[in-house]
Amino acid sequence: MPFEVLGRRPVAVARAVLAALRVQLGALCWSLAPFLLSLPGWRWGSAPSAPAGPRCEEEEEGDTSPTPTSVNYHFTRQCNYKCGFCFHTAKTSFVLPLEEAKRGLLMLKEAGMEKINFSGGEPFLQDRGEFVGKLVQFCKQELKLPSVSIVSNGSLVRERWFKKYGEYLDILAISCDSFDEDVNVLIGRGQGKKNHVENLHKLRQWCREYAVAFKINSVINRFNVEEDMNEQIKALNPVRWKVFQCLLIEGENTGEEALREAEKFVISDEEFEQFLNRHEDVSCLVPESNQKMRDSYLILDEYMRFLNCRNGRKEPSKSILDVGVEAAIKRSGFDEVMFLKRGGKYVWSKADMRLDW
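What you are looking at is a predicted structure, and each value in this text was computed from that prediction instead of being measured.

## Focus on the overall build of the protein chain
Right, so step 1: What the protein chain contains, in helices and strands, is 15 helices and 10 strands.
Right, so step 2: Contacts in the protein chain between residues far apart in sequence, at least 24 positions, make up 74% of those at least 6 positions apart.
Right, so step 3: Accessible surface, the protein chain as shown: approximately 17,600 Å² in total, 51% of it carbon and sulfur.

Written out as structure tokens, the structure is:
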């Protein structure tokens, strides 16, 4: 096609075409995933082969980069809560300028991103929610992403935010580890006279009124592992109840450089399984053990660096703003096979959920 037809920005148009083709190819790959995963020796992004041995750094650089289909962007580390097991703590106060954050999100979209999840820290702390609101609107309105979500503790979310930005948000996930307020205080989710559980119900109602899918995230730890949450979760009726096993990350919630001491919160695999068994009748439950969680998330930090957690600590890549998505993602430690196995790809656009708001 001649450049006159393409206009003055042939590179941008070509990138858009390539991104569209990648999305279509990605959809085909997802449909074939169950078959591919059953093949012996299969590794995502490669042909069936013998189990891979140790590889040198040069070989890793030459590998096919995974697609950033679903990205978790922790754009701030600051938080108004002090959860004792937090594994993304307030080690800096840095937040990218809005336009730089948008530039990085555009790069991720061009590399194949379909879902973005904004997290922290507490994402509603920056500019009283305006910063994350503008990013949500940009991702849905300008980038046309199928899914835009936020994970929040919910304490700073106001109804006026839903009125302004709710139409652009697919999923709001609220962290709630217990329906006993005394336990929430022990964990660190207490904030003065505010009741975390009462606020959860208020947020649930706003999600209904403003057509935002409601999700609950719970970290199962020493203080809540014996709790029975069946009745409360069924009453709230979230689209998903993500249940995490308490995880230790060196330098974040354990070790000399850590801002938290999470050892007292840790539970065994057997205790986690017992909690899951107690809640097996909750249809929206999505369990995530330490094994599933550690390498199956693409995590961007406040500098837009991918964080590799394979060695039990967060080892950052170079920023995608400096080296591009493809070069940075090779250092992410992302396990695309585990991402599929844990159900990382699901119906995540509220337009496709057909929910009774």
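From this point on, the discussion continues.
## Focus on unusual backbone geometry
Right, so step 1: A cis amide bond links Gly-120 to the next residue, Gly-121, at an omega of 15°.
Right, so step 2: For Arg-128, which is not glycine, the phi dihedral falls at a positive 55°.
Right, so step 3: Relative to the assigned elements, Arg-128 resides in the loop between strand S2 (115-119) and helix H5 (130-142).
Right, so step 4: One non-glycine residue, Asn-237, lies in the positive phi region at around 50°.
Right, so step 5: Looking at the element boundaries, Asn-237 is found in the loop between helix H9 (230-236) and strand S6 (240-245).

## Looking at a negative patch on the surface
Right, so step 1: Judged by side-chain charge, Glu-250, Glu-256, Glu-261 and Glu-263 come together as a negatively charged surface patch.
Right, so step 2: On the secondary structure map, Glu-261 appears in the loop between S6 and helix H10 (269-278).
Right, so step 3: Accessibility expressed as a relative area gives 65% for Glu-261, which makes it exposed.

## Focus: the packing of aromatic side chains
Right, so step 1: The tally for this structure, following the rule as stated, stands at 15 aromatic pairs.
Right, so step 2: With centroids separated by 6.1 Å and ring planes inclined at 55°, the aromatic side chains of Tyr-73 and Phe-118 adopt a geometry described as tilted. Of this pair, Tyr-73 sits in strand S1 (residues 70-74) while Phe-118 is found in strand S2, placing the two residues 45 residues apart along the sequence.
Right, so step 3: On the numbers, 5.4 Å between centres and 45° between planes, the contact of Trp-161 with Tyr-165 is tilted. Of the two residues, Trp-161 and Tyr-165 both sit in helix H6 (residues 159-165), 4 residues apart, roughly one turn of that helix.

## Some thoughts on empty space enclosed by the protein
Right, so step 1: Counted under the stated rule, the structure contains 1 cavity of 30 Å³ or more.
Right, so step 2: Quantified by volume, the largest cavity comes out at close to 30 Å³.
Right, so step 3: As for the largest cavity, its lining consists of Arg-294, Asp-295, Tyr-297, Ile-299, Leu-307, Asn-308, Cys-309, Ser-332, Gly-333 and Phe-334.
Right, so step 4: Only helix H11 (290-295) and strand S9 (305-308) provide two or more residues apiece to the lining of the largest cavity.
Right, so step 5: For the lining of the largest cavity, the residue count by class is 5 nonpolar, 3 polar and 2 charged.

## Describing the side chain of Ser-149
Right, so step 1: With respect to the helices, strands and loops of the structure, Ser-149 is situated in strand S3 (residues 147-152).
Right, so step 2: In terms of polar contacts, Ser-149 uses its side chain to reach the side chain of Asn-117, at 2.7 Å.
Right, so step 3: In contact with Ser-149, not counting residues within four places along its chain, are Lys-115, Ile-116, Asn-117, Phe-118, Leu-169 and Ile-171.

## Concerning the pairing of S3
Right, so step 1: Of all 6 residues in S3, 6 are buried; the element is thus mostly enclosed.
Right, so step 2: What you see with S3 is no split at all: Ser-147, Ser-149 and Val-151 on one side and Val-148, Ile-150 and Ser-152 on the other are buried throughout.
Right, so step 3: Note that S2 and S3 share 4 bridges and pair parallel. Following the sheet pairing, Lys-115 is matched in S3 by Ser-147.
Right, so step 4: For the segment spanning S2, H5 and S3, crossover handedness is right-handed.
Right, so step 5: In this sheet, strand S4 (residues 171-175) lies alongside S3 in parallel orientation, the contact comprising 4 bridges. Across the sheet, the residue bridging to Val-151 is Ala-173, located in S4.

## Considerations on the pattern of salt bridges
Right, so step 1: The full count for this structure, using the stated rule, is 14 salt bridges.
Right, so step 2: The partner of Arg-278 in a salt bridge is Glu-226, and the shortest N-O contact between them spans 4.0 Å. Linking Arg-278 in helix H10 with Glu-226 in the loop between strand S5 (213-220) and H9, this pair joins segments that are 52 residues apart in sequence.
Right, so step 3: Here Arg-278 falls in the partly exposed class, since its relative accessible area comes to 27%.

The rules we used
- Residues numbered from 1 in each chain as written.
- Predicted model: local features only at pLDDT ≥ 70, side-chain atom pairs only at ≥ 80, totals over all residues.
- Heavy atoms only, no water.
- Helix = DSSP H or I, 4+ residues; strand = E, 2+ residues; numbered from the N terminus.
- Contact = heavy atoms within 4.5 Å.
- Areas by Shrake-Rupley, 256 points an atom, 1.4 Å probe, with all protein chains shown as cover.
- Patch = residues over 30% accessible without salt bridge, like charges linked within 9 Å, V, L, I, M, F, W, Y side chains within 5 Å.
- Salt bridge = Lys/Arg side-chain N within 4 Å of Asp/Glu carboxyl O.
- Lys, Arg positive; Asp, Glu negative; His and termini not counted.
- Charge placed at Lys NZ, Arg CZ, Asp CG, Glu CD.
- Buried < 20%, exposed > 50% of the residue type's maximum accessible area, 1.4 Å probe, protein only.
- Phe/Tyr/Trp six-rings, centres within 6.5 Å; stacked < 30°, edge-to-face > 60°.
- 1 Å grid on protein atoms, 1.4 Å probe; cavity = no way out; pocket = protein on both sides within 12 Å on 5 of 7 lines; lining within 4 Å.
- Points joined across faces, edges and corners; volume = space filled by probe spheres on them.
- Nonpolar A, V, L, I, M, F, W, Y, C, P; charged D, E, K, R; others polar.
- Polar contact = N/O pair within 3.5 Å; in protein donor to acceptor, adjacent residues only side chain to side chain.
- Pairing = 2+ DSSP bridges.
- Right-handed = clockwise from strand over helix to strand, strands pointing away.

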